[in-house]
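Understanding the architecture of this molecule
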Amino acid sequence: MKCPKCHSQNLRVIETRSSNDHLTTRRRRICENCQFRFSTQESVLLSLPKVRKKNGQKEVFSKSKILHGLQAACAKRPVNKEQLNQIVTRIVDWAEKSFSEEVSSCDIGLRVLSGLMEVDQVASVRFASVHQNFSNLDDFVSQLGNMEHE
Ligand SMILES: [Zn+2]
């Protein structure tokens, strides 16, 4: 980094401040050459994997798509939005930490299902039947078993 005024690289950090969510850090710097002061900002670059669909196509990881799937499955069920948001957050965290390049839509479906099972059994069965990753419930249950063994 160079001083924006005199282009010297002789800089010193005089103050460091982190944002409330700890995703951004601002630093106040001073140029030792001309005494010019300026700020820089560092941000965490969140990188979500691509989603590989059953047909092999890849698409951008979409939080809203997961949320819509959850909402559809929970229509008229006693599940509140906060519970659904928590499931989405957990899936995003898991995808970020476990996969760098890509994750299969089937794996995401399983996570959605296990999240739904915790909040509403009827909604989880509904989700499983709408998303044809599973031909029947046994298939789904055995897949869930595999997942727990990981
Ligand atoms: Zn300078």
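Read on for an overview of the structure. (Residues numbered from 1 in each chain as written. Predicted model: local features only at pLDDT ≥ 70, side-chain atom pairs only at ≥ 80, totals over all residues. Heavy atoms only, no water.)

**Considerations on the side chain of Thr40**
Mapped onto the elements, Thr40 comes out in strand β3 (residues 37-43). A distance of 3.0 Å separates a polar atom in the side chain of Thr40 from a polar atom in the side chain of Arg29. Leaving out residues up to four positions away in the same chain, Thr40 has contacts with Met1, Thr25, Arg26, Arg27 and Arg29. (Helix = DSSP H or I, 4+ residues; strand = E, 2+ residues; numbered from the N terminus. Polar contact = N/O pair within 3.5 Å; in protein donor to acceptor, adjacent residues only side chain to side chain. Contact = heavy atoms within 4.5 Å.)

**Examining the environment of Lys63**
Structurally, Lys63 is set in helix α1 (residues 63-73). Sequence-wise, Lys63 and Ile91 are 28 residues apart; in three dimensions their C-alpha atoms are separated by 8.9 Å.

**Quick look at the coordination of the zinc ion**
Protein coordination at the zinc ion comes from Cys3 (SG), Cys6 (SG), Cys31 (SG) and Cys34 (SG), with a distance range of 2.2 to 2.4 Å. One can describe the donor arrangement at the zinc ion as tetrahedral, given that its four donor atoms subtend angles of 105 to 115° at the metal. Donor residues binding the zinc ion come from one chain and are separated in sequence as C-x2-C-x24-C-x2-C. Here the residue Cys6 occupies a position in the segment before β1 (11-18), and Cys34 occupies one in the loop between β2 (24-31) and β3, the gap between them amounting to 28 residues. A relative accessible area of 29% means that Cys6 is categorised as partly exposed. (Donors = N, O, S within 2.8 Å, 3.2 Å for Na, K, Ca; no water. Tetrahedral: all angles 85-135°; square planar, octahedral: opposite > 155°, others 65-115°. Buried < 20%, exposed > 50% of the residue type's maximum accessible area, 1.4 Å probe, protein only.)

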